[in-house]
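Below, each chain spelled out in residue letters.
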Amino acid sequence: MPRFADVILPAAVPGVFTYALTDELGPVLPGMRIVVPFGAGRKLYGGLVTRVHDVRPEGRNVRPALSVLDATPLLEPVHLQLWQRLADHYLCSLGEVMLAALPGPMVLTSETRVTATALTAEHAARTPRAALLLDALEQRPAITLGEAGELLQVKDPLRAMKQLLDDGAVALEEELRSRPVERLVRHVALTPEAADEASLHAWFDRLARAPRQLALLMKGIELGRWLDNGGGPVAETRLLKAAGAERRHVEELVRKGLFIVTERPADRPPARPGSGSPTLSPAQALCLEEMDAALKDHRCCLLQGVTGSGKTEVYAHLIERAVDQGGQVLYLLPEIALTTQLIVRLRTRFGDRVSVFHSRLTARQRADLWSGILRDPDAHPIVVGARSALFLPFRHLRLIIVDEEHDPSYKQQDPSPRYNARDMAVVLGELMEAPVVLGSATPSMETLYNARQGKYGHARLLERFGDSVLPSVELIDLREAYKRKRMQGHFTPELLEAVQRTVERRDQVILFQNRRGYAPVWQCEQCAHVPNCAHCDVSLTYHKRSHELRCHYCGRGYPPPTACPSCGSRRLKMIGLGTERIEEELAVALPDVRVARLDQDTARGKHALERLMHDFAEGRIDVLVGTQMVTKGLDMERVNTVGILSADRLLRFPDFRAHERAFQLMGQVAGRSGRRGVQGRVLIQAFDVAHPVLGHVLTHDVDGFYARELEHRQAHGYPPFSRLVRFTLKHRSEERVEQAARTLVDLLRPDLGDRVLGPETPAVAWVRDQHIRNVLVKLARGIYGREKQVVRAALDRLPDELPEGRVRLIVDVDPG
Ligand code: ADP
Ligand code: ZN
Ligand code: ZN
């Protein structure tokens, strides 16, 4: 019986591809990767098998698979179902999902590099292939798999190099075997001859004048319980440390015949149990009961709890229960970099049972955690991670928590798949029959709507934990302050005074402005000329620290002109407000205050962010100025005052979600204050003090905000009353992109009518030398599935309708 396998290729190609399986390949199961050729030339991929069957595909010559990479599947059918659901929903290919889902080292293509690890003349003498490789790898540090294929004149260089790979003579730079190579570490044991009490006494005498060596023996007896177990292996590093000895002392004892050194897998450290959860407050206990009840009838439950109410404690109780029942827990966080604090809290509670998975880990570390979970699910019962942790090969997931579910960074922007991890977490919960908890103080409109509609359960925590209360929020009228010339830079006297008084009390301040750099516009006072980026249609932001003008769209830097390039005037002024400028103005106004800044520019580098957070926590910083990064998850005891420099900018953003985001950002940053004891204070500077959203922020009125915003969404047919698909078209030629956008609209309009909006020219319509047009489609809620087909069909037809092609099309379902 001929066998075939359908595989997903790690590339942005649609669909699955079928290959023939020859008998010599051995067993092939769904979830394993096989090496297959693709396209012309010698292109190779490690394709993931979705199905093994005996149906010969019609009409085509089926190429044979070359070799099998995995001894056991990397994932199970249920994980593949998640991939499929994601691809269907976000209109992307399974290959793109595969690239997002698998850690880099598990993705094999012709570009994967081969290096010589221990390739010697001896190997070369044995086979001509090894000689060829040695030759090539002496000239260059690495060659790609594709090049290896050319060199060895074979289709499957992996198979040709199998022996060398197995011997460790060559390695793939990204180790891809899924039988994970365990990290081996040196262990020290007694030689059998020495391993009894009498011999050891003799050794004590012999080593009397070699104190380090004697110490090694004594510590070995103590740590390795050598008298009880016949001298079994002890990790060398541990022994050296305990004995205050060095490796050469061990080597000496090996020479003398007392020790043997072996390489063994590192012992898994005994799971530290952690300290367990503290007792819940009555309100929290009630909330937990509510959630239990809700999760009986619903797969998914919203936990709406004000900032500081102790949502984390409630999660901890749920986690504890799930783990006690032998289940796995996935705890999703929006941006892991800012949540060291939370991880520390969970680690204190659950010890080593907590693993962390996010993009700051090396690819190797991510691949290791993947295979760790695959091999021994019980070793990693709790995984805390950013969005890609969704794809880990969980076996018995019993709880999914999506913390700060409203956070926009759950949505991947680039590249495709542009998925929202919160929404996919709900799908994952459904597929694995695991309860899903969505938590936030300021839930997204979609989630709150689902809860109100009864689709999700809904539990609330309306009070802060302990003696802490919600902060008081005050508005400061900027129009008034400017008119009366009371401003000091961009500060009102009220805000400055509040900062000063807080610092005098030895408390701390957070100042929020959602724009980095010094000033976003650098303008000639004479002729009003504004320098723009040469490659984007946007003004350049001045960065004072580096003294350059920078484009925030393409990242290019420019030296600031000393005179206006248009009229030659030397009178240039800076307009607008970024975090750098706030930092500077504050240093001028209150010279004794210690100010630091938290934004993308200062949080660069591996430890910059941790250092900053640490200094703030230790009280070495009085005022932290920052972008939206300061709104997230900081739980600092001494933060008492929060200032928002200009609320108007948040509210006027040209996007239907602007009000929702503004409300969430202000609510979250306000929530950083007064988390212990004394009531905190939030001061909001705004021109439009009568803006209704500010009214809701003043009173912490989530319900009121929600009701009003929902009305607006309904009136204009925006989510949650529709689903949006946004198409972004890009091309160097404006004419081309305009024409392509019109063609797309023409394809969609017959079926979708006026729910197709555009083509629209966005506010910044030229970025990186590419002209941009948007087309927005509102899909009706009830008949969403059918309308999606219309969109899919239009996308399929678009290339034929555009003879000149090559217009880049980005499809974004549920744009953030
Ligand atoms: P949220 O995530 O809802 O903003 P947190 O979980 O950060 O709130 O809790 C706020 C603070 O209150 C934290 O410092 C936390 O340690 C403390 N806390 C909350 N609940 C309890 C509890 N049951 N016992 C002890 N401390 C608690
Ligand atoms: Zn000028
Ligand atoms: Zn630019």
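Residues numbered from 1 in each chain as written. Chains lettered and ligands numbered in written order. Predicted model: local features only at pLDDT ≥ 70, side-chain atom pairs only at ≥ 80, totals over all residues. Heavy atoms only, no water.

**Section: the overall build of the chain**
Scanning the chain for helices and strands turns up 28 helices and 34 strands. Its C-alpha atoms give the chain principal-axis dimensions of about 95 × 75 × 65 Å. Scored against the burial criterion, the 816 residues of the chain give a buried share of 54%. A fraction of 74% describes how many contacts in the chain between residues 6 or more apart in sequence connect residues 24 or more apart. The chain carries 110 positive and 103 negative side-chain charges, and their two centres are separated by 2 Å. (Helix = DSSP H or I, 4+ residues; strand = E, 2+ residues; numbered from the N terminus. Buried < 20%, exposed > 50% of the residue type's maximum accessible area, 1.4 Å probe, protein only. Contact = heavy atoms within 4.5 Å. Lys, Arg positive; Asp, Glu negative; His and termini not counted. Charge placed at Lys NZ, Arg CZ, Asp CG, Glu CD.)

**Describing the coordination of the zinc ion (ligand 3)**
Those protein atoms acting as donors to the zinc ion (ligand 3) are Cys533 (SG), Cys536 (SG), Cys551 (SG) and Cys554 (SG), and they sit at 2.2 to 2.3 Å. Its 4 donor atoms give the zinc ion (ligand 3) angles of 106 to 112° at the centre, a pattern that matches the tetrahedral case. As a motif over one chain, the donors of the zinc ion (ligand 3) read C-x2-C-x14-C-x2-C. Residue cysteine 533 is found in the loop between β21 (521-524) and β22 (541-543), and its partner cysteine 554 is found in the loop between β23 (548-550) and β24 (557-558); the two are separated by 21 residues along the sequence. Classification of cysteine 554 by relative accessible area gives buried; the value is 12%. (Donors = N, O, S within 2.8 Å, 3.2 Å for Na, K, Ca; no water. Tetrahedral: all angles 85-135°; square planar, octahedral: opposite > 155°, others 65-115°.)

**Brief notes about the coordination of the zinc ion (ligand 2)**
Donor atoms from the polypeptide that bind the zinc ion (ligand 2) are Cys524 (SG), Cys527 (SG), Cys564 (SG) and Cys567 (SG), placed at 2.3 to 2.4 Å. Of note is the zinc ion (ligand 2), whose 4 donor atoms meet at the metal with angles of 104 to 113° in an arrangement that counts as tetrahedral. Judged by relative accessible area, cysteine 527 falls into the partly exposed class, the value being 34%. According to the relative accessible area criterion, cysteine 567 is partly exposed, its value standing at 39%.

**Observations regarding helix α4 (residues 128-139)**
When the terminal C-alpha atoms of α4 are compared, their 17 Å separation across 12 residues agrees well with the 16 Å that a helix rising 1.5 Å per residue should span. Within α4, the full set of buried residues consists of Ala130, Leu133, Leu134, Ala136 and Leu137. Summarising the contacts, the buried residues of α4 are in contact with β6 (113-116), α3 (121-126), β7 (142-144), α5 (145-152), α7 (162-167) and β8 (170-172). (Expected span 1.5 Å × (residues − 1).)

**As for the nonpolar core**
Core analysis: the biggest nonpolar cluster contains 119 residues, and Trp83, Leu390, Phe391, Met666, Phe727 and Leu748 have the highest contact counts within it. At 8 residues, helix α27 (residues 734-752) tops the list of elements feeding residues into this core. (Core = buried A, V, L, I, M, F, W, Y, C linked by side-chain atoms within 4.5 Å.)

**Looking at the packing of aromatic side chains**
Here the structure, examined in full by the defined rule, presents 11 aromatic pairs. Where tyrosine 518 meets tyrosine 542, the ring centres are 5.9 Å apart and the plane angle is 80°; that geometry is what we call edge-to-face. Here tyrosine 518 is found in the loop between β20 (508-512) and β21, whereas its partner tyrosine 542 is found in strand β22, with 24 residues between them in sequence. Neither tyrosine 518 nor tyrosine 542 differs from the other in exposure class; each is buried. Aromatic pair phenylalanine 663 and phenylalanine 705: ring centres 4.3 Å apart, planes at 5°, arrangement stacked. Of this pair, phenylalanine 663 sits in helix α24 (residues 658-670) while phenylalanine 705 sits in helix α26 (residues 702-716), placing them 42 residues apart in sequence. (Phe/Tyr/Trp six-rings, centres within 6.5 Å; stacked < 30°, edge-to-face > 60°.)

**Examining the site of ligand 1**
Residues in contact with ligand 1 amount to 18 residues; listed here are only the nearest, Thr279, Gln284, Gly308, Lys311 and Thr312. Measuring from an oxygen atom of ligand 1, one finds a side-chain N or O atom of threonine 312 at 2.7 Å. For ligand 1, the accessible surface in isolation is 550 Å², of which the surrounding protein chains cover 81%. In terms of residue count, the dominant contributor to the shell around ligand 1 is helix α14 (residues 311-324) (3 residues). For the shell around ligand 1, the class distribution of residues is 4 nonpolar, 8 polar and 6 charged. (Near = heavy atom within 4 Å. Polar contact = N/O pair within 3.5 Å; in protein donor to acceptor, adjacent residues only side chain to side chain. Areas by Shrake-Rupley, 256 points an atom, 1.4 Å probe, with all protein chains shown as cover. Nonpolar A, V, L, I, M, F, W, Y, C, P; charged D, E, K, R; others polar.)

**Side note on the sheet that holds β24**
Across the sheet, 3 strands lie side by side as β22-β23-β24; this open sheet has antiparallel pairing. At either end of the open sheet lies a strand with only one pairing partner, and these are β22 and β24. (Pairing = 2+ DSSP bridges.)

**Topic: unusual backbone geometry**
A cis amide bond, omega -5°, links aspartate 414 with the succeeding residue proline 415. With respect to the element layout, proline 415 can be found in the loop between β16 (397-403) and α17 (421-432). Note the cis peptide between glycine 758 and proline 759, where omega equals 5°. Despite not being glycine, arginine 225 has its phi angle at roughly 45°, a positive value. Mapped onto the fold, arginine 225 is located in the loop between α9 (211-223) and α10 (226-229).

**Structural notes on the side chain of threonine 109**
Relative to the helices and strands, threonine 109 is located in the loop between α2 (94-101) and β6. What threonine 109 contacts, discounting residues up to four positions off in sequence, is Pro10, Leu44, Tyr45 and Leu145.

**A word on the pairing of strand β18 (residues 457-461)**
On any regular strand, side chains alternate: one points to one face of the sheet, the next to the other face. Along β18, the buried face is formed by Gly457, Ala459 and Leu461; none of His458 and Arg460, which line the opposite face, is buried. Direction of pairing for strand β12 (residues 300-305) relative to β18: parallel, over a ladder of 5 bridges. Bridging across to β18, cysteine 301 finds its partner in glycine 457.

**Details of the confidence of the model for the chain**
On average, residues of the chain score 89 in pLDDT, and 96% of them reach the 70 mark or higher. The model gives residues 176-182 a pLDDT under 50, and that stretch makes 22 contacts with residues more than four places away or in other chains. (pLDDT = per-residue confidence, 0-100.)

**Description of the packing of α27 against helix α28 (residues 784-801)**
The geometry of α27 relative to α28 is characterised by a closest axis approach of 10 Å and an angle of 145° between their N-to-C directions. When the axes of α27 and α28 are compared, the crossing they make is right-handed. Judged by residue contacts, Ala740, Thr743, Leu744, Leu747, Leu748, Asp751 and Leu752 of α27 engage Glu787, Val790, Val791, Ala794, Arg797, Leu798 and Glu801 from α28. Class assignment for the residues of the contact of α27 with α28 results in 9 nonpolar, 1 polar and 4 charged. (Axes fitted to C-alpha atoms, helices over the stretch in contact; angles between N-to-C directions. Left-handed = near helix turned anticlockwise from the far one by under 90°.)

**Some thoughts on the pattern of salt bridges**
A complete count under the given rule lists 52 salt bridges for this structure. When the shortest N-O distance is used, the salt bridge between arginine 422 and glutamate 405 registers 3.0 Å. Note that arginine 422 is positioned in helix α17 and glutamate 405 in the loop between β16 and α17, a separation of 17 residues in sequence. Residue class for arginine 422 comes out buried when judged on its relative accessible area of 7%. Residue aspartate 414 is joined to arginine 418 by a salt bridge in which the shortest nitrogen-to-oxygen separation is 2.7 Å. Residue classification places arginine 418 among the buried residues on the basis of a relative accessible area of 8%. Here the salt bridges share partners, and the residues they tie into one network are Glu446, Arg657, Glu660, Glu709 and Arg713. (Salt bridge = Lys/Arg side-chain N within 4 Å of Asp/Glu carboxyl O.)

**A closer look at the packing of helix α8 (residues 197-206) against α9**
α9 packs onto α8 with a crossing angle of 150° between their chain directions and a minimal axis gap of 9 Å. What the angle tells us is that α8 and α9 run roughly antiparallel. In this structure, α8 crosses over α9, and the sense of that crossing is left-handed. For the pair α8 and α9, contact is made by Leu200, Trp203 and Phe204 and by Leu214, Leu217, Met218 and Ile221, respectively. (Parallel < 35°, antiparallel > 145°, perpendicular 65-115°, else oblique.)

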